[in-house]
Amino acid sequence: MFCVTIEKVIDMYTVSVLIEHPVQSLDTNFDYLSNNKVIEGVRVIIPFHKQKIIGYVEHVKETSLSKEKLEADAGFKYQYISEVIDKEPLLNEELIELAHTMSKLTMSPRISCYQAMLPSSLKPATNQAVGIKKQLVVHALKEGKPKTKKQQECLLYIKEHTDILLKDIPYSRSLLDNLVNQGLIEIVEKEIYRKPKFMEHVPKKIDLTDDQKHVIHGIFASHNQTSLIHGVTGSGKTEVYLALAAHYLLKGQSVIVLVPEIALTPMMVEVFKQRFGDQVAVLHSRLSQGEKYDEYRRIKRGEVHIVVGARSAVFAPLEHIGLIILDEEHDASYKQESKPLYLTSQIARIRAKTHKANVVLGSATPSLETYSRTQIGAYQLFELPHRINQKPLPKVEIVDMIEETRKRNFSIFSLSLQKQLQQTLEEGNQAILLLNKRGYASFLQCRSCGDVIKCPHCDVTLTYHRDENKLKCHYCEYSILPPHSCPKCGESKMKMIGYGTQKIEEEISHTFNHARVIRYDVDTTRQKNSHLKLLEKFRNHEANILLGTQMIAKGLDFEDVTFVGVLNADLSLNIPDFRASERTFQLLSQVAGRSGRGAKEGTVVIQTYNPDHYAITCAASHDYQKFYQLEMNYRQLAMYPPFCHMVSILVQSKKEQATYNEAKHIKNYLDSHLNNVVILGPAQSMIYKMSDLYRLRILLKFKQDKEVYIALNALNDYYNKKQKGKVTVICDFNPYSQI
């Protein structure tokens, strides 16, 4: 009698995992085993080099082979997944595909692209520290008459307030327990969303102008296109956005609205919340972890159809997107400055192509690249040349600060600014003052030897912050107490040089009568909802001067602001960057546009040491077209975007000589592998040393990018995957910063 042995078929799954560390050398999938089915797109805890880390599941495959057979075929030992964290995928198929596309476009690890898309509480490196918030809710169950009059009152109250929280009921717990025992109510645990706060000011209903109607109808008629709304400050671009959003909602489609600064988010959220209520979710970095977690889940569950937020909101997991809006599209904060170094408008166009959606860009001062695309027909152009209230744009005066010194005025404030600001305060109006530099003093210098106190980790001076009595580095956050004597020569003659918003705040109180100042910069808006509270105070006239950095230049709409002062227009003009003139023009035009937005006319004073510079004179005359033509001529002569594509190659290392050696090797490699490409450098970055890394930069200018991508991928592969990080190379396409 023969005995037949039947080998048992073992059901198992091989799981391909992308691990949490966003470094190029680990940008590959690692295979694990699981006895249970794992869903693609969830996070898992896995053993990795004698530690437990978190990974993101990319692929799952069923196998009937034994573990021993799999290991024999693979040539390595398999380990099992320790734990599955999520019950459902974090990202949909579209966003997973987008992450892969981003990784190729920006030469970044795929995991860094996933991390850019997810709120911090759901990033692969986070083991879901934030949980679902639950609270006790009271429901009425059936008709019936409670035993006492007090119980009857309580039951009526519960019936009048659907899904009321237990903590909000103005009756005792014992009384409620009696109603539960009588079967008249139930107390159940229910998930509660943590909702972000927003400014609760009801904006005035505005009738659309003919110009606005023309823009709206033109965009309605377009399909799968990118359009630019070029509208002067106060022309009603936000009302156009609201009308467009309403149109797409009626079609059953979703809308993403992006703003560049967190400071602008409250006002944009405010108007959209007032118009569309709970259909709006908000995403930006100042939300609490719980708020981000809940807002993200509301979006993913399809409970909202409009998302308003800063740069990362472009990744909102909405379905059926019909429209993506980028307000203030020119703003540099739409460029991500850490890996992945993506450009938000590019991501918006990729998502729009997938959804067959429209992209709308809005700005009073569009970037040259964007406006030039309208001139060749790549984008549609819509103009809003007038303010909605038919008021003129504010009158702008340029003050030459060299002339002020000749008049023996050595104050931070010119005589004209002093006069107009004081008059504004006495008339009961409000003012905005711009100084794009925070802190109290720019640096501390020894009067004896001239030495300045610098950051030991970065090639920059330390800025003095008086409220903390500290010298701080604005790049690596290093800080020290101010020394009583010079560290170099030992003398005690230390002097504060320069000024920032803290110093100006102090000077205002000494110079102007009736001045009540709110300082609005990174230092005063660090805490949760602090930016919102400060804007509410200013709106409520608890202050009459809003002093701040570039955060106050865009998007703010206060009808009683009749004066704007720019204290030093040259700060952005003197930066060694080909976009310096453009950024100066945009900043001045935008902040000037905060004045005279209501019924009262506005005025502006711009203080400068370069009164004849075209960026300043064009901003003062509100002449975008003239600035565009002049700047385009200079860009063409020097071959800068939009007349070419650009890549910045940052070579960095902790060893100075190694940085120079490898930068030269890279330059030689590029010279031998690229044709018809202008190669500039290597040269020291504007900040040569940052966070203990020495930094050299090579710039490429080119028309066709195919061979450039091939060469840069080879460099990226060698330096960031094989060389173990002695020298790292960062390739930044469409660079917005030369720091």
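Here the structure is a predicted model, which is why all the values come from computation and not from measurement. (Residues numbered from 1 in each chain as written. Predicted model: local features only at pLDDT ≥ 70, side-chain atom pairs only at ≥ 80, totals over all residues. Heavy atoms only, no water.)

Engineer: Could you give an account of the overall build of the chain, naming the residues involved and the relevant values?
Structural biologist: Each helix and strand counted, the chain has 20 helices and 30 strands in total. Here the chain has a C-alpha radius of gyration of 30 Å; the compact-globule value for 739 residues is 27 Å, and the two agree. Based on the C-alpha atoms only, the size of the chain along its principal axes is roughly 115 × 85 × 65 Å. Within the chain, the proportion of its 739 residues that are buried is 52%. Across the chain, contacts joining residues at least 24 apart in sequence account for 75% of those joining residues at least 6 apart. Here the chain displays about 34300 Å² of accessible surface, and carbon together with sulfur accounts for 49% of that area. Here the chain contributes 95 positive and 83 negative side-chain charges, whose respective centroids are spaced 3 Å apart. (Helix = DSSP H or I, 4+ residues; strand = E, 2+ residues; numbered from the N terminus. Rg over C-alpha atoms; globule rule 2.2 N^0.38 Å. Buried < 20%, exposed > 50% of the residue type's maximum accessible area, 1.4 Å probe, protein only. Contact = heavy atoms within 4.5 Å. Areas by Shrake-Rupley, 256 points an atom, 1.4 Å probe, with all protein chains shown as cover. Lys, Arg positive; Asp, Glu negative; His and termini not counted. Charge placed at Lys NZ, Arg CZ, Asp CG, Glu CD.)

Engineer: Any details on the environment of Ala580? Residues and values, ideally.
Structural biologist: Within the fold, Ala580 resides in helix H16 (residues 580-592). Setting aside its immediate chain neighbours within four residues, Ala580 contacts Ser572, Leu573 and Ile575.

Engineer: Describe the side chain of Thr501, and please don't skip the residues or the numbers.
Structural biologist: Structurally, Thr501 is set in helix H14 (residues 501-511). Thr501 sits in the buried class, given a relative accessible area of 0%. With near-sequence residues (within four places) excluded, Thr501 lies in contact with Leu435, Lys437, Arg438, Gly439, Arg519, Asp521, Leu547, Gly548 and Thr549.

Engineer: Tell me about the nonpolar core, and please be specific about residues and values.
Structural biologist: Residues Leu91 and Phe315 are the most contacted members of the largest nonpolar core, which totals 80 residues. Leave out the neighbours within four places in its chain, and Leu91 touches Gly41, Tyr56, Ile96, Tyr114, Met117, Leu118, Tyr296 and Lys300. Val240, Tyr241, Tyr248 and Ile306 belong to the second-largest nonpolar core, a separate cluster that totals 29 residues. (Core = buried A, V, L, I, M, F, W, Y, C linked by side-chain atoms within 4.5 Å.)

Engineer: Account for the packing of helix H2 (residues 93-106) against helix H3 (residues 110-117), naming residues and giving values.
Structural biologist: A pair of packed helices is captured by two measures, namely the crossing angle of their axes and the spacing between those axes. Viewed as axis vectors pointing N to C, H2 and H3 meet at an angle of 125°, and their least axial separation amounts to 8 Å. Of the possible angle classes, the one that applies to H2 and H3 is oblique. For the pair H2 and H3, the crossing hand works out as right-handed. Here Leu95, Ile96, Leu98, Ala99, His100, Met102 and Ser103 of H2 lie close against H3, whose contacting residues are Arg110, Cys113, Tyr114 and Met117. Classifying every residue of the contact of H2 with H3 gives eight nonpolar, two polar and one charged. (Axes fitted to C-alpha atoms, helices over the stretch in contact; angles between N-to-C directions. Parallel < 35°, antiparallel > 145°, perpendicular 65-115°, else oblique. Left-handed = near helix turned anticlockwise from the far one by under 90°. Nonpolar A, V, L, I, M, F, W, Y, C, P; charged D, E, K, R; others polar.)

Engineer: Could you give me a rundown of the sheet that holds strand E19 (residues 463-465), with the residues and numbers involved?
Structural biologist: In spatial order, the strands read E19-E20-E21; together these three strands make up an open sheet with antiparallel pairing. Bordering the open sheet on either side are E19 and strand E21 (479-480), each of which pairs with just one other strand. Judged from the two bridges that link them, strand E20 (residues 470-472) and E21 form a sheet pairing that is antiparallel. In the strand pairing of E21, Leu471 is matched with Ile480. (Pairing = 2+ DSSP bridges.)

Engineer: Describe empty space enclosed by the protein, naming the residues involved and giving the relevant values.
Structural biologist: Unfilled space is identified by rolling a water-sized probe across the atoms. Within this structure, the stated rule accounts for two cavities of 30 Å³ or more. Every residue lining the second largest cavity is listed: Leu434, Leu435, Asn436, Val566, Asn568, Ala569, Leu571, Ser572, Leu587 and Leu588. Class assignment for the residues of the lining of the second largest cavity results in seven nonpolar, three polar and no charged. (1 Å grid on protein atoms, 1.4 Å probe; cavity = no way out; pocket = protein on both sides within 12 Å on 5 of 7 lines; lining within 4 Å. Points joined across faces, edges and corners; volume = space filled by probe spheres on them.)

Engineer: If you had to explain H14 to someone new, which residues and values would you point to?
Structural biologist: Along H14, the residues classified as buried are Thr501, Gln502, Ile504 and Ile508. Within H14, the buried residues cover an arc of 165° as seen down the axis, which keeps them to one side. On its buried side, H14 packs onto strand E17 (430-434), E19, strand E23 (517-520) and strand E24 (545-548). (Arc of directions from axis to C-beta.)

Engineer: Which residues make up the confidence of the model for the chain, and what values go with them?
Structural biologist: Chain-level pLDDT for the chain is 90 on average; 96% of the residues reach the 70-or-more range. With pLDDT under 50 throughout, residues 4-8 is counted as low confidence; its partners more than four residues away or in other chains account for zero contacts. (pLDDT = per-residue confidence, 0-100.)

Engineer: Which residues make up the pattern of salt bridges, and what values do they have?
Structural biologist: Throughout the structure, instances matching the rule amount to 32 salt bridges. Between Arg635 and Glu631 there is a salt bridge whose closest N-O contact spans 3.1 Å. Of this pair, Arg635 and Glu631 both sit in helix H18 (residues 624-638), four residues apart, which is roughly one turn of that helix. Taken together, the shared-partner salt bridges connect Asp467, Glu505, Arg519 and Asp521 into one network. (Salt bridge = Lys/Arg side-chain N within 4 Å of Asp/Glu carboxyl O.)

Engineer: Could you give an account of the sheet that holds strand E30 (residues 728-733), with specific residues and numbers?
Structural biologist: Taken in spatial order, the four strands make up an open sheet running E28-E29-E27-E30, and their pairing is antiparallel. If you trace the sheet from one side to the other, it starts and ends with strand E28 (678-690) and E30, each paired once. Here the average twist between neighbouring strands, direction ignored, is 20°. Bridge count between strand E27 (residues 645-653) and strand E29 (residues 693-702): nine bridges; the pairing is antiparallel. Paired with Ser648 across the two strands is Leu699, which belongs to E29. Running over the sheet, helix H19 (residues 656-673) touches E27, E28, E29 and E30 and is turned about 15° from E29.

Engineer: Tell me about the environment of Gln684, and name the residues and values.
Structural biologist: Here Gln684 lies in strand E28. By relative accessible area, which is 44% here, Gln684 ends up partly exposed. On a C-alpha basis, the gap between Gln684 and Glu93 in space is 42 Å, while along the polypeptide they are 591 residues apart. If we ignore the near neighbours within four places in the chain, the residues touching Gln684 are Tyr660, Arg695 and Leu696. A polar contact of 3.1 Å, which involves the side chain of Gln684, links it to the side chain of Tyr660. (Polar contact = N/O pair within 3.5 Å; in protein donor to acceptor, adjacent residues only side chain to side chain.)

Engineer: If you had to explain the packing of H16 against H18 to someone new, which residues and values would you point to?
Structural biologist: Packing of H16 against H18 brings their axes to within 11 Å, and their N-to-C directions diverge by 170°. Accordingly, the angle class assigned to the pair H16 and H18 is roughly antiparallel. Here Ser581, Glu582 and Phe585 of H16 come into contact with H18, specifically with Tyr624, Phe627, Glu631 and Arg635. A breakdown of the residues in the contact of H16 with H18 according to their chemical character gives three nonpolar, one polar and three charged.

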